[in-house]
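Here's the letter readout for the chains.
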Amino acid sequence: MAQITQTDPQKRFRRVMSADSLSGDKVKNNAGEDLGKIKDIMIDIPSGRIAYAVLSFGGVLGIGDKLFALPWSVLTLDEDEKHFVLNVDKNTLKNAPGFDDKNWPDMADPTWGAQIFNYYGVRPYWEETTDTRTLRGGGGM
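The present account deals with the structure reproduced in this document. (Residues numbered from 1 in each chain as written. Predicted model: local features only at pLDDT ≥ 70, side-chain atom pairs only at ≥ 80, totals over all residues. Heavy atoms only, no water.)

**Observations concerning the layout of surface pockets**
Item 1. Reported here for the second largest pocket is a volume of approximately 210 Å³.
Item 2. Around the second largest pocket sit M42, I43, D44, P46, A51, Y52, M107, A108, D109, P110, Y125 and W126, which together line it.
Item 3. Looking at the lining of the second largest pocket, the elements that each hand over two or more residues are β3 (34–44) and β4 (49–57).
Item 4. Broken down by element, the lining of the second largest pocket gets its largest block of residues, 3 residues, from β3.
Item 5. Of the residues assigned to the lining of the second largest pocket, the class counts are 10 nonpolar, no polar and 2 charged. (1 Å grid on protein atoms, 1.4 Å probe; cavity = no way out; pocket = protein on both sides within 12 Å on 5 of 7 lines; lining within 4 Å. Points joined across faces, edges and corners; volume = space filled by probe spheres on them. Helix = DSSP H or I, 4+ residues; strand = E, 2+ residues; numbered from the N terminus. Nonpolar A, V, L, I, M, F, W, Y, C, P; charged D, E, K, R; others polar.)

**Things to note about the pattern of salt bridges**
Item 1. Evaluated as defined, the whole model comprises 1 salt bridge.
Item 2. Salt-bridge contacts for D101 lead to K39; the nearest nitrogen and oxygen are separated by 3.8 Å. Of this pair, D101 sits in the loop between α2 (90–94) and α3 (110–119) while K39 sits in strand β3; the two residues are 62 residues apart in sequence, bridging distant segments of the chain.
Item 3. Classification of K39 as partly exposed rests on a relative accessible area of 35%. (Salt bridge = Lys/Arg side-chain N within 4 Å of Asp/Glu carboxyl O. Buried < 20%, exposed > 50% of the residue type's maximum accessible area, 1.4 Å probe, protein only.)

Below, the structure is given as structure tokens:
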């Protein structure tokens, strides 16, 4: 589950947002370095959970970008600054399993998914128990 940070008490805290409003948001790391933008948000239809955010990184003006599937749980939304935070450095991201716009992986493949979740050091959402999902707020939002 992505976390939401908000430091300005004067702004309205939004817990539910449209995927369209999040697509295109910048992603930065804790050092403030630009890591790219959210290209898509992938939903696991049977479970109703967000499976991945697809990050577009590198390239020039969108050409030559490498894409990365990020487990939703590794992202924090900074609502005040209107960007996501991914706690990795640029080299970690550059070495992450990625793909290009013309060759998307089968994101429903649990073997591929386990590789992605393992790379970022988080447990795959499909392995979480009902109790864990309930404690975290349900459907991965």
